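Summary of structural features
Single-letter residue listing:
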Amino acid sequence: MKKLLKIILIFVIVMAVILVGLWIYLKNKPAIPNHYQSEVQTGGKIEARYLADGSYETAWLEQPALQEFKKYEIAYPVNLETTDRQYPVIVLCNGSGTPLSKYSRLARHYASWGFIVIGTEEMYAWNGFGADMCVSHLRRLNENKQIEENKENIFYQKVNLSSVGIVGHSQGGVGVFNAITEGKNKEVYKAAAALSPTNMELAHNLEWNYDAAKIQTPILLASGEGGGDDWVVTGDQLTAIANEISAPKVQFRRKKTAHDQMLYAADGYVTAWFLWLLQDDPQAAKAFVTPQGELLSNPLYTNQEANLNSLAFHS
C-alpha cells in the first residue's frame, strides 16, 4: 500500500510540474511567430515590400504606469535619440489575453518604418482607455525635457502628435472603434486599422459596445477567411460594420487565415496603410487607390472594397 501511495504521489508531482511548465509556456508564448515575415505568403510587390522590415534600427523602452496595465512599452527608431526630427505614432490596442509583450515583434516592425509605437499590458482594451492613456503619456514625454530625475527624456519634442494612427486585433479592434469615437484623444487619430474586430452582436452581448456610425477617421477593416470563416467576425458581419461607416475606408478578408493569424497575416498592407496616411508614402498608397490598387486584385484576398473619397493621393 505504501508503495502504491508513493507511486501516486510521484505521478501527482510529475503532473503538477508538467502543468506548471505548460502554464508558463502558454503565458510567455508569443502571439505571433518570431519569424512571421518569412512564413506569411504575399500576393504582390507592395505587400511584400511593407511586410519586410524598414530601414530603421529599433530600440525598446518600458516605463511604469500607475494603472492596471502596469507599464507603457515603446518601440522606436534608434535614430530618434540623436536627431531633432519628429516621428509619427502608432498606438496598439491589445486583443483578449494578448498583452503587447506577446507581440512585441510586430511593434518593432512598425518602428523599423519610422514610427514611435506604444502599447501596454492591458487585458481589457475594448473601451479604448489604454489607448487614451498611451496618447496622454506620449504628450507628456513630448512636452517635458526631463521625466525622471537626472535622466534625459529622449522623446522631448520628438513625437509628431499631428500624425497618429491606431491598430487593434479582435477585442482590440473594438478598442480602436471606441478610442477614435469616444476617447478623450479621439481627435488626434489620423488613421486606424481594426483587424478581425468583434462583430456588433457579440460585442453587445459582452458589453463591449461601440457605434461604428460615429467613425470619422480613415479606417482599414480586415478579417480572415479560414476553414469556414473568422469566428469573431464573418464576412457579412465585417461588411455590416463597414456599412455603418461613412469615413474613408478599405475592407478585405484574407483567404485561408484563422482569426488569431489576422494579428499579423495582413501586416504588409496594414503597414502600407499607415505609411500612406501618416508619412505620405506614395508607393504605399498604390496598394489601395482605385481602380489599380494592388490589394484590390491580390489573389490571396477576397471581398476587397475601397471607398477613399476625400483622401488625397500624391503619385
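Provided above is the structure to which this section pertains.
Reading the values: rules and limits
- Residues numbered from 1 in each chain as written.
- Predicted model: local features only at pLDDT ≥ 70, side-chain atom pairs only at ≥ 80, totals over all residues.
- Heavy atoms only, no water.
- Helix = DSSP H or I, 4+ residues; strand = E, 2+ residues; numbered from the N terminus.
- Buried < 20%, exposed > 50% of the residue type's maximum accessible area, 1.4 Å probe, protein only.
- Contact = heavy atoms within 4.5 Å.
- Areas by Shrake-Rupley, 256 points an atom, 1.4 Å probe, with all protein chains shown as cover.
- Axes fitted to C-alpha atoms, helices over the stretch in contact; angles between N-to-C directions.
- Parallel < 35°, antiparallel > 145°, perpendicular 65-115°, else oblique.
- Left-handed = near helix turned anticlockwise from the far one by under 90°.
- Nonpolar A, V, L, I, M, F, W, Y, C, P; charged D, E, K, R; others polar.
- Pairing = 2+ DSSP bridges.
- 1 Å grid on protein atoms, 1.4 Å probe; cavity = no way out; pocket = protein on both sides within 12 Å on 5 of 7 lines; lining within 4 Å.
- Points joined across faces, edges and corners; volume = space filled by probe spheres on them.

Thoughts on the overall build of the protein
Tallying secondary structure elements over the protein gives 11 helices and 11 strands in all. Taking all 315 residues of the protein together, 51% fall into the buried category. Within the protein, contacts between residues separated by at least 24 positions form 74% of all contacts whose residues are at least 6 apart in sequence. As displayed, the protein offers around 15,100 Å² of accessible surface, 52% of which is attributable to carbon and sulfur atoms.

Points about unusual backbone geometry
A positive phi angle, close to 50 degrees, is found at S196, a residue other than glycine. Looking at the element boundaries, S196 is found in the loop between β8 (189–195) and α7 (200–205). Here S196 falls in the buried class, since its relative accessible area comes to 0%. The phi torsion at D280 lies on the positive side, around 55 degrees, for a residue other than glycine. Summarising the element assignment, D280 is placed in the loop between α9 (267–279) and α10 (282–285).

A closer look at the environment of E201
Looking at the element boundaries, E201 is found in helix α7. Through-space distance from the C-alpha of E201 to that of V233 is 9.8 Å; in sequence the pair is 32 residues apart.

Focus: the packing of helix α4 (residues 104–111) against α9
Running from amino to carboxyl end, α4 crosses α9 at an angle of 40 degrees, the nearest separation of the two axes being 11 Å. The angle between the axes of α4 and α9 places the two elements in the oblique class. Relative to α9, the crossing made by α4 is right-handed. Every residue of α9 that contacts α4 at L106, H109 and Y110 is listed here: D267, V270 and T271. Its residues placed into classes, the contact of α4 with α9 shows 3 nonpolar, 2 polar and 1 charged.

Things to note about the sheet that holds strand β3 (residues 87–93)
Taken together, the 9 strands give an open sheet; going across it, the order is β1-β2-β4-β3-β7-β8-β9-β10-β11, and neighbouring strands pair in mixed fashion. Here the strands that pair on one side only, and so sit at the sheet edges, are β1 (58–64) and β11 (301–307). When the angles between neighbouring strand axes are averaged without regard to direction, this sheet yields 15 degrees. In this structure, strand β7 (residues 159–169) lies alongside β8, joined through 6 bridges in parallel fashion. Paired with G168 across the strands is A194, a residue of β8. Contacts between helix α6 (residues 171–181) and the sheet are confined to β3, β7, β8 and β9 (219–225), with β7 contributing the most and set at about 140 degrees to the helix.

Topic: the layout of surface pockets
The computed volume of the largest pocket comes to approximately 340 Å³. A per-class count over the lining of the largest pocket returns 11 nonpolar, 9 polar and 2 charged.

These figures capture arrangement, not role.
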